[in-house]
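Structural overview for review
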Amino acid sequence: MGVRSRFVSVVVAGGSLALFAVPAAQADRTVEADGNPAQGGLQFDPADIRVAVGDKVTWVNTDTTVPHTATENHGLWDLTGTYGVPGNYGFGPAEKRSRKFEAGTQSYYCKVHPTQMRGVVRVPVKAHVESLLYGKRKIVMRWTTKPPATGQVYDVQLKRAGETNWRKFRTGTREQHGARQTGGQKVTWSIRARLRKASDASQATGWSPVVRVQA
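Attention here is on the structure that accompanies the text. (Residues numbered from 1 in each chain as written. Predicted model: local features only at pLDDT ≥ 70, side-chain atom pairs only at ≥ 80, totals over all residues. Heavy atoms only, no water.)

**Some words on the environment of His128**
- Mapped onto the elements, His128 comes out in strand S14 (residues 126-131).
- Each C-alpha atom, one on His128 and one on Arg142, is 9.4 Å from the other, the two residues being 14 residues apart in sequence.
- Apart from residues lying up to four places away in sequence, His128 is in contact with Lys138, Ile139 and Val140.
- A polar side-chain atom of His128 sits 3.0 Å from a polar atom in the side chain of Glu130. (Helix = DSSP H or I, 4+ residues; strand = E, 2+ residues; numbered from the N terminus. Contact = heavy atoms within 4.5 Å. Polar contact = N/O pair within 3.5 Å; in protein donor to acceptor, adjacent residues only side chain to side chain.)

Below is the structure:
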């Protein structure tokens with residue numbers, strides 16, 4: 001099951017309070033790729049995890065005979081190997097594969113066992129608020145710690161409390177972070193991001209868990 005986030009108030013520059021969501025997650029998580037068709041139990045364990053931007057997730061094959069992969073649903077990333085038979089290659093028994101994550105709700109599966117083995121990695125945007133001069137404020141956001149792979153980009157969106165539609169903040173960007181200035185009465189802003197193919201916006205991860213800040 002997924003892990004809930006918690007909201008924390010923190011004093012930032014200028015003495016104001018920033019409210020932001022801290023993911024209830026552990027850095028450098030491990031996921032076991034378990035089971036085989038003969039003995040059953042085919043699964044990713046845990047199948048649903050939540051980590052922070054830049055955290056590493058490691059998959060380890062705990063079976064003794066069969067290969068597994070961890071492959072994003074649209075092929076945005078593919079952790080595989082050379083163990084197995086033609087058409088069913090993956091990483092072998094006791095082998096590990098790792099990846100550091102950007103913001104998004106990233107669903108994945110095992111190409112060797114696509115029906116039984118599916119999982120998701122949920123990664124919220126990192127965000128906080130900084131105070132500026134004359135009552136101005138700045139929302140500082142980070143959705144990744146590294147540029148995307150060739151042919152991939154990020155989308156980032158914002159929404160004020162009470163608004164129905166999301167505002168485009170970055171579309172098709174290779175940037176790793178950004179900031180938006182605000183002023184006047186504080187309101188709650190929601191923030192989300194995703195990874196996608198540059199050439200096809202439909203080939204994308206799900207939007208990240210929503211993070212909210214007051215700015």
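**Some details on the packing of aromatic side chains**
- In the structure shown here, the tally under the stated rule is 7 aromatic pairs.
- Pairing Trp59 with Tyr108 gives two aromatic rings, centres 5.3 Å apart and planes at 80°, and the pair type is edge-to-face. Separated by 49 residues along the polypeptide, Trp59 in strand S6 (residues 56-61) and Tyr108 in strand S12 (residues 104-109) bring together distant segments of the chain.
- Taking relative accessible area as the criterion, Tyr108 reaches 1% and is therefore assigned buried.
- Following the ring pairs from residue to residue traces out a cluster consisting of Phe44, Trp59, Trp77, Phe101 and Tyr108.
- A cation sits over an aromatic face here: Arg99 above Phe101, 4.8 Å from the ring centre.
- When the ring centre of Trp207 is taken as origin, the NZ or CZ atom of Arg192, which lies over that ring, is 4.3 Å away. (Phe/Tyr/Trp six-rings, centres within 6.5 Å; stacked < 30°, edge-to-face > 60°. Buried < 20%, exposed > 50% of the residue type's maximum accessible area, 1.4 Å probe, protein only. Lys NZ or Arg CZ within 6 Å of the ring centre and 35° of its normal.)

**A word on the sheet that holds S12**
- On the basis of which strands lie adjacent, the open sheet formed by 5 strands has the order S5-S13-S12-S7-S8 and mixed pairing. Two strands lie at the open edges of the sheet, namely strand S5 (48-50) and strand S8 (78-79), each paired on one side alone. (Pairing = 2+ DSSP bridges.)

**Topic: the nonpolar core**
- Grouped together as the largest cluster of nonpolar side chains are 40 residues, with contacts concentrated most on Trp59, Val121, Met141 and Trp143.
- For this core, the element with the highest residue contribution is strand S19 (residues 188-197), accounting for 4 residues.
- Non-local contacts of Met141, meaning those with residues more than four positions away in its chain, are made with Val125, Lys126, Ala127, Leu158, Phe169, His177, Gly178, Ala179, Arg180 and Ile191. (Core = buried A, V, L, I, M, F, W, Y, C linked by side-chain atoms within 4.5 Å.)

**Concerning the side chain of Arg137**
- Its place among the elements puts Arg137 in strand S15 (residues 137-142).
- Despite its burial, Arg137 pairs with no opposite charge; the closest candidate is Glu130, at 12 Å N-O.
- Non-local contacts of Arg137, meaning those with residues more than four positions away in its chain, are made with Val129, Glu130, Leu132, Arg180, Gln181, Thr182, Gly183, Gly184, Gln185, Lys186 and Ala215. (Lys, Arg positive; Asp, Glu negative; His and termini not counted. Salt bridge = Lys/Arg side-chain N within 4 Å of Asp/Glu carboxyl O.)

**What about the pattern of salt bridges?**
- Within the structure shown, the criterion is met by 10 salt bridges.
- A salt bridge links Glu163 to Arg167, with the shortest nitrogen-to-oxygen separation between them at 2.5 Å.
- Residue class for Glu163 comes out partly exposed when judged on its relative accessible area of 26%.
- Here Arg170 makes a salt bridge to Glu175, at a shortest N to O gap of 2.6 Å.

**A word on the pairing of strand S16 (residues 152-160)**
- Of all 9 residues in S16, 8 are buried, a share of seventy percent or more.
- Sheet analysis places S16 next to S19, joined by 9 bridges and oriented antiparallel. In the strand pairing of S19, Gln152 is matched with Lys197.
- Sheet analysis places S16 next to strand S17 (residues 167-173), joined by 4 bridges and oriented antiparallel. When the bridges of S17 are listed, Val156 appears paired with Arg170.
- Hairpin connection, S16 to S17: the antiparallel pair is bridged by 6 residues, and Gly162 has positive phi, about 95°.

**So, the side chain of Arg192**
- Tracing the chain through its elements places Arg192 in strand S19.
- Polar contacts involving the side chain of Arg192 include one to the side chain of Gln157, which spans 2.8 Å.
- Setting aside residues no more than four positions away along its own chain, Arg192 makes contact with Val125, Asp155, Val156, Gln157, Trp166, Trp207 and Ser208.

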